[in-house]
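The primary structure of each chain is shown beneath.
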Amino acid sequence: MSDTTGYSRLQIALHWSVALLVAYNYIFGEAAGEAFDQIIEGEGGAAPGTPLHIWVGLAVLALVVLRLVVRFAQGAPAAEAGLQGQLASWGHRLLYVLMLAVPAGGAVAWFGLNEEVGDIHGAAANALMILAGLHAVVALGHHFVLKDGILMRMLRAR
Ligand code: HEM
Ligand code: HEM
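Below: a short report on this structure.

Observations regarding the site of ligand 1
Close to ligand 1 lie 23 residues; Asn 25, His 53, Gly 57, Gly 106 and His 121 are nearest. Measuring from a nitrogen atom of ligand 1, one finds a side-chain N or O atom of His 53 at 2.8 Å. In this structure, His 121 approaches ligand 1 through a side-chain N or O atom, which is 2.8 Å from a nitrogen atom. For the shell around ligand 1, the secondary structure elements donating two or more residues are helix H1 (9-27), helix H2 (30-41), helix H3 (52-74), helix H4 (83-112) and helix H5 (115-146). Of the residues forming the shell around ligand 1, the biggest block, six residues, is contributed by H4.

As C-alpha cells, this is what we get:
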C-alpha cells in the first residue's frame, strides 16, 4: 500500500455512502429488533418480512470489504507524525473493525436466530456510533478550528 496526497473519487464515494447507510441502520434499527423478537418468540400473526435493516446492513458489509480492497490498491494519505497521527491511524483501524464486526454480528444473529449475538450486535453498534461521532467532531475541528484542509481530503478527490 502506498502513501498518496489524498483519496480517490471512488474512496470518497465509498466513505460517504457507508457513513449514510450506517447512520440509517442505526436510526432505524428498531424495526429489525421487533421483527427479530417476533421470529424468536414465534408470536402469532403473519411472519415478518425481511426488514430493510438487513439489506442495508449487508450492503455496508460488502461496501466496507470493497473499500478495504480499494484502499490497499490505491493507497491513502500518510498519517501525521507523532501521537496525533498514531491516534488517527488507530481510530480509523478501529472504525474498520467495527464496520465489519457490526454487520457480521447482525448476520450471525439474524440467520442463526441467536439472541445473545443480537445483544452484542446492538452494543457494538452503539460503540461504532460513538467512535464515528467522535471521528466526525475531530474532522470538523480540523476544518473549522485548525483550518488544515484535512476535511477537504474527504470532499475533493486527489
Ligand atoms: C452497519 C450496519 C448495522 C448497524 C449500524 C446496525 C445497528 C443495529 C441497532 C442499533 C440495533 C438495535 C435496535 C433496537 O433493538 O433498538 C440492531 C438490531 C438488529 N440488527 Fe442490526 N445493524 C447493522 C447491520 C445488520 C445486519 C447486516 C444484520 C443482519 C444480516 C442485522 C440484524 C439485526 C438484528 C437481527 C437485530 C435485532 C437484535 C436483537 O433485538 O437482539 N443488522 N442493529
Ligand atoms: C459527518 C461525518 C463524517 C466526517 C465529517 C468524516 C470525515 C472524514 C475525513 C476528513 C477523513 C479523512 C481523514 C484523513 O485523511 O486523515 C475520514 C476518514 C475516514 N472516515 Fe470519516 N467522516 C465522517 C463519518 C464517518 C463514519 C460514519 C465512518 C464510519 C462508519 C467513517 C469512517 C472513516 C474511516 C475508516 C476513515 C479512514 C479512511 C482511510 O484512510 O482509509 N467516517 N473521515
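From this point, the narrative continues.
Observations concerning the packing of H1 against H5
At a closest axis distance of 11 Å, the pairing of H1 and H5 adopts a crossing angle of 135 degrees. The angle between H1 and H5 falls in the class oblique. The two elements H1 and H5 cross, and the hand of that crossing is left-handed. Residue-level contacts link His 15, Val 22, Ala 23 and Tyr 26 of H1 to Ala 125, Asn 126, Leu 128, Met 129 and His 135 of H5. The residue makeup of the contact of H1 with H5, split by class, is six nonpolar, three polar and no charged.

Some remarks on the site of ligand 2
Close to ligand 2 lie 18 residues, the nearest being Tyr 7, His 15, Arg 71, Tyr 96 and His 135. Between ligand 2 and the protein, one listed contact pairs an oxygen atom with a side-chain N or O atom of Tyr 7 at 2.6 Å. Residue Tyr 96 places a side-chain N or O atom 2.6 Å away from an oxygen atom belonging to ligand 2. Going through the elements one at a time, H1, H3, H4, H5 and helix H6 (150-153) are the ones with two or more residues in the shell around ligand 2. For the shell around ligand 2, the class distribution of residues is twelve nonpolar, three polar and three charged.

Side note on the packing of aromatic side chains
Scanning all chains against the criterion turns up two aromatic pairs. Summarising the aromatic geometry, the rings of Tyr 24 and Phe 28 are spaced 4.8 Å apart at their centres and angled 40 degrees between planes, so their arrangement reads as tilted. Across from the ring centre of Trp 90, 4.4 Å away, lies the NZ or CZ of Arg 93, which sits over that ring.

A few points about the side chain of Gln 11
Mapped onto the fold, Gln 11 is located in helix H1. Of note is the side chain of Gln 11, whose polar atom sits 2.9 Å from the backbone nitrogen of Ser 8. Within the local environment of Gln 11, its side chain forms a polar contact with the backbone oxygen of Gly 75, the two atoms lying 3.0 Å apart. In this structure Gln 11 touches Val 70, Arg 71, Gln 74, Gly 75 and Arg 158, once residues within four positions along its chain are discounted.

Focus on a negative patch on the surface
Taken together, Glu 30, Glu 34, Asp 37, Glu 41, Glu 115, Glu 116 and Asp 119 make up a surface patch of like negative charges. Elements represented by at least two residues in the negative patch include exactly H2 and H5. Here the element with the most residues in the negative patch is H2; it accounts for four residues. Looking at the secondary structure, you find Glu 30 in helix H2. In this structure Glu 30 comes out as exposed when scored by relative accessible area, which is 61%.

Rules used throughout
Residues numbered from 1 in each chain as written. Chains lettered and ligands numbered in written order. Predicted model: local features only at pLDDT ≥ 70, side-chain atom pairs only at ≥ 80, totals over all residues. Heavy atoms only, no water. Near = heavy atom within 4 Å. Polar contact = N/O pair within 3.5 Å; in protein donor to acceptor, adjacent residues only side chain to side chain. Helix = DSSP H or I, 4+ residues; strand = E, 2+ residues; numbered from the N terminus. Axes fitted to C-alpha atoms, helices over the stretch in contact; angles between N-to-C directions. Parallel < 35°, antiparallel > 145°, perpendicular 65-115°, else oblique. Left-handed = near helix turned anticlockwise from the far one by under 90°. Contact = heavy atoms within 4.5 Å. Nonpolar A, V, L, I, M, F, W, Y, C, P; charged D, E, K, R; others polar. Phe/Tyr/Trp six-rings, centres within 6.5 Å; stacked < 30°, edge-to-face > 60°. Lys NZ or Arg CZ within 6 Å of the ring centre and 35° of its normal. Patch = residues over 30% accessible without salt bridge, like charges linked within 9 Å, V, L, I, M, F, W, Y side chains within 5 Å. Areas by Shrake-Rupley, 256 points an atom, 1.4 Å probe, with all protein chains shown as cover. Salt bridge = Lys/Arg side-chain N within 4 Å of Asp/Glu carboxyl O. Lys, Arg positive; Asp, Glu negative; His and termini not counted. Charge placed at Lys NZ, Arg CZ, Asp CG, Glu CD. Buried < 20%, exposed > 50% of the residue type's maximum accessible area, 1.4 Å probe, protein only.

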